[in-house]
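Each chain, letter by letter, is given below.
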Amino acid sequence: MLAELFAVMAPVLAGAGLGYLWVRLGHPYPVDFITRLVFNIGTPALVLTSLSGATIDASSFGQMMLATALVILSMGAASFVVAKLLRRSWRVLLAPMMYPNTGNMGLPVVLYAFGSAGFAYGITVMVTVSLFQFTLGAVLNSNGNPIKTLLKTPTVYAILISMALLLTDTSLPAWLDNTVDLMSGFTVPLMLITLGVSLASIQVKSLRSGLGFSLVRIPLAAAAAWLIAGWIGLPPLAQSILVLQMCMPVAVFNYLFAQRAQREPAYVASLVFCSTLLALVYLPILLAFLM
């Protein structure tokens, strides 16, 4: 199990390592340009190509989406307490608390652990997290008019189109599917390299703080997901996948949002890095209970 999990995480560590070495070797890296490129072109394409082929019935989609939304909101409320505990601004910790890496890390783990039967549930969690992150997250990280920011966020439109495709069991035309698939290819590598660039400036104190954050967040996420799934009445498979997905490491997108809003991006990078490394320890244990 550990070998399969490491195979999923190895690209994350390798991508961040490349960014780290790039900066340490003295090469320039245009963080602002890369961030805009990923947000405005790569991410919408990635959302469309990830979700266009998934299938799930409307009832299961709605129930799982509701449960995920409630967990996200619960974690958002808990972030105020965690911020006081860690002596950090709640604005910095809010997004890392709410948005785990349910996409490029969560979905492969779900597929490995539960197969195609559970993959549709994993996709639904990813859609919901992405919808919150690129609507509420965009508004909270806006430096100007939040409505204008929301309307100018291409990923929001990509998510809405993807949801329509999911619920109507419709596929993109072949030419468009091939195009967005090609455009999405640079998104995850650039995110990970940019993460590594930020890690080059992180201090040991930030790494300790990042580890402490993960040790607080993971039990809270697991408890919230388990209780809410039971309260709503999700089937056992959906309950297990909700717990697994919400316990994923902090999403790399949180770092990019912090970078764009200039809210302690180096510290948020440490949360992403530490939670990803710690996942090698806690995910096999969590899967042993859920499978």
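Now for a look at the structure at hand. (Residues numbered from 1 in each chain as written. Predicted model: local features only at pLDDT ≥ 70, side-chain atom pairs only at ≥ 80, totals over all residues. Heavy atoms only, no water.)

With respect to the side chain of threonine 187
Phase 1 of the analysis: Mapped onto the fold, threonine 187 is located in helix α9 (residues 187-199).
Phase 2 of the analysis: Within polar-contact distance, the side chain of threonine 187 engages the backbone oxygen of glycine 42 at 2.9 Å.
Phase 3 of the analysis: Aside from chain neighbours lying at most four places away, what touches threonine 187 is Val38, Gly42, Thr43 and Leu46. (Helix = DSSP H or I, 4+ residues; strand = E, 2+ residues; numbered from the N terminus. Polar contact = N/O pair within 3.5 Å; in protein donor to acceptor, adjacent residues only side chain to side chain. Contact = heavy atoms within 4.5 Å.)

Description of the environment of valine 250
Phase 1 of the analysis: Among the structural elements, valine 250 can be located in the loop between α11 (236-246) and α12 (252-261).
Phase 2 of the analysis: By relative accessible area, which is 3% here, valine 250 ends up buried.
Phase 3 of the analysis: Each C-alpha atom, one on valine 250 and one on methionine 97, is 7.6 Å from the other, the two residues being 153 residues apart in sequence.
Phase 4 of the analysis: Not counting residues within four places of it along the chain, the set of residues in contact with valine 250 comprises Pro96, Tyr99, Pro100, Asn101, Phe213, Leu271, Val272 and Ser275. (Buried < 20%, exposed > 50% of the residue type's maximum accessible area, 1.4 Å probe, protein only.)

Some points on the nonpolar core
Phase 1 of the analysis: One finds Leu242 and Leu244 to be the most contacted residues of the largest nonpolar core, which totals 96 residues.
Phase 2 of the analysis: Tallying contributions element by element places helix α5 (residues 106-140) first for this core, with 14 residues.
Phase 3 of the analysis: Ignoring any residue separated from it by four or fewer positions in sequence, one finds leucine 244 in contact with Val109, Val110, Phe114, Leu283, Leu286, Leu287 and Leu290. (Core = buried A, V, L, I, M, F, W, Y, C linked by side-chain atoms within 4.5 Å.)

Considering unusual backbone geometry
Phase 1 of the analysis: Positive phi is not limited to glycine here, since arginine 87 has a value of about 60°.
Phase 2 of the analysis: You can call arginine 87 exposed: its relative accessible area is 78%.

Brief notes about the packing of aromatic side chains
Phase 1 of the analysis: One pass over the full model with this rule turns up one aromatic pair.
Phase 2 of the analysis: Considering the side-chain rings of phenylalanine 80 and tryptophan 90, the 5.1 Å spacing of their centres and the 35° angle between planes classify their relative orientation as tilted. With phenylalanine 80 in helix α3 (residues 58-86) and tryptophan 90 in helix α4 (residues 90-98), this residue pair connects regions lying 10 residues apart in the sequence.
Phase 3 of the analysis: Overall, phenylalanine 80 belongs to the partly exposed group, its relative accessible area being 40%.
Phase 4 of the analysis: Over the ring of tyrosine 267 we find arginine 88, and its NZ or CZ is 3.7 Å from the ring centre. (Phe/Tyr/Trp six-rings, centres within 6.5 Å; stacked < 30°, edge-to-face > 60°. Lys NZ or Arg CZ within 6 Å of the ring centre and 35° of its normal.)

Overview of α4
Phase 1 of the analysis: Where burial is concerned, most of α4 is hidden: seven out of the nine residues are buried.
Phase 2 of the analysis: The N-cap of α4, judged by a side-chain oxygen 3.2 Å from the amide nitrogen of arginine 91 a few residues on, is serine 89.

Focus on the packing of α11 against helix α13 (residues 265-290)
Phase 1 of the analysis: Running from amino to carboxyl end, α11 crosses α13 at an angle of 170°, the nearest separation of the two axes being 10 Å. Taken together, the axes of α11 and α13 are roughly antiparallel relative to one another. Across from Ser240, Val243 and Leu244 in α11, the residues of α13 making contact are Leu283, Leu286, Leu287 and Leu290.
Phase 2 of the analysis: By residue class, the composition of the contact of α11 with α13 is six nonpolar, one polar and no charged. (Axes fitted to C-alpha atoms, helices over the stretch in contact; angles between N-to-C directions. Parallel < 35°, antiparallel > 145°, perpendicular 65-115°, else oblique. Nonpolar A, V, L, I, M, F, W, Y, C, P; charged D, E, K, R; others polar.)

Concerning the pattern of salt bridges
Phase 1 of the analysis: Under the defined criterion, the tally for this structure stands at two salt bridges.
Phase 2 of the analysis: Two residues, aspartate 32 and arginine 36, come together in a salt bridge whose shortest N-O distance is 2.2 Å. Here arginine 36 and aspartate 32 lie together in helix α2 (residues 31-51), a separation of four residues that amounts to about one turn.
Phase 3 of the analysis: The exposure class assigned to aspartate 32 is exposed, which follows from its relative accessible area of 53%.
Phase 4 of the analysis: Residue classification places arginine 36 among the partly exposed positions, given a relative accessible area of 44%.
Phase 5 of the analysis: A salt bridge links arginine 88 to glutamate 264; its shortest N-O distance comes to 2.4 Å. Here arginine 88, found in the loop between α3 and α4, pairs with glutamate 264, found in the loop between α12 and α13; they are 176 residues apart in sequence, far enough to count as distant. (Salt bridge = Lys/Arg side-chain N within 4 Å of Asp/Glu carboxyl O.)

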